[in-house]
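Listed below are the residues making up each chain.
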Amino acid sequence: MSGESESAGGDDEERGEEIEWGEGDPRVLFVMNLVLSTAFAAVVVYGLSYLDLAAFSVVNVASAALVLTAVTYLVTN
């Protein structure tokens, strides 16, 4: 019985070494970046509007999302 658990553990270790992580599809990464940046920008603009520092509008959210997307792109490349 102990032989089974040892061989199962050895298989997991061997499989883990065989996995190679790729960069991913750039189109999918760009869309994920855009969606997550837009969500974060909406939260930030909402917080600024709560503090009466900026109006919560589509233009402000879109502008912040574009800036965040650009910064994220520059940092990752």
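Residues numbered from 1 in each chain as written. Predicted model: local features only at pLDDT ≥ 70, side-chain atom pairs only at ≥ 80, totals over all residues. Heavy atoms only, no water.

Student: Summarise the overall build of the protein chain; cite the residues concerned and give the values.
Tutor: Each helix and strand counted, the protein chain has three helices and zero strands in total. N-terminal to C-terminal, the α/β element order of the protein chain is α-α-α. Within the span of the protein chain, comprising 77 residues, buried residues form 10% of the whole. (Helix = DSSP H or I, 4+ residues; strand = E, 2+ residues; numbered from the N terminus. Buried < 20%, exposed > 50% of the residue type's maximum accessible area, 1.4 Å probe, protein only.)

Student: Give a description of the layout of surface pockets that names residues and reports values.
Tutor: Taken as a whole, the largest pocket spans an internal volume of roughly 320 Å³. For the largest pocket, the full set of lining residues is Glu23, Gly24, Pro26, Leu29, Phe30, Met32, Asn33, Leu36, Thr72, Tyr73, Thr76 and Asn77. Among the elements that take part in the lining of the largest pocket, helix 2 (residues 26-50) stands out by supplying six residues, more than any other. For the lining of the largest pocket, the per-class residue count stands at six nonpolar, five polar and one charged. (1 Å grid on protein atoms, 1.4 Å probe; cavity = no way out; pocket = protein on both sides within 12 Å on 5 of 7 lines; lining within 4 Å. Points joined across faces, edges and corners; volume = space filled by probe spheres on them. Nonpolar A, V, L, I, M, F, W, Y, C, P; charged D, E, K, R; others polar.)

Student: Lay out the packing of aromatic side chains with the relevant residues and their values.
Tutor: Scanning the entire structure with this criterion turns up one aromatic pair. Ring geometry for Tyr46 against Phe56: centres 6.1 Å apart, planes inclined by 90°, an arrangement best described as edge-to-face. Placement of Tyr46 in helix 2 and of Phe56 in the loop between helix 2 and helix 3 (58-76) is noted, with a sequence separation of ten residues between them. Tyr46 gets classed as exposed once you look at its relative accessible area, which sits at 52%. (Phe/Tyr/Trp six-rings, centres within 6.5 Å; stacked < 30°, edge-to-face > 60°.)

Student: Explain the pattern of salt bridges to me, and be specific about the residues and the numbers.
Tutor: Applying the stated criterion across every chain, the model contains one salt bridge. Here Arg27 makes a salt bridge to Asp25, at a shortest N to O gap of 3.0 Å. Judged by relative accessible area, Arg27 falls into the exposed class, the value being 64%. (Salt bridge = Lys/Arg side-chain N within 4 Å of Asp/Glu carboxyl O.)

Student: Can you lay out unusual backbone geometry for me, pointing to particular residues and giving the numbers?
Tutor: Phi at Asp52 takes a positive value of approximately 60°, unusual for a residue other than glycine. Considering the arrangement of structural elements, one finds Asp52 in the loop between helix 2 and helix 3.

Student: Would you mind going over the side chain of Ser37 in detail, with residue names and values included?
Tutor: Tracing the backbone shows Ser37 in helix 2. Ser37 has contacts with Ala65, Leu68, Thr69 and Thr72, leaving out every residue within four places of it along the chain. (Contact = heavy atoms within 4.5 Å.)

Student: Before we move on, can you summarise helix 2 with the specific residues and values?
Tutor: Spanning 25 residues, helix 2 covers 36 Å between terminal C-alpha atoms, matching the ideal 36 Å at 1.5 Å per step. Buried within helix 2 we find Asn33, Ser37, Ala41, Val45 and Ser49. Where helix 2 is buried, its residues meet helix 3. (Expected span 1.5 Å × (residues − 1).)

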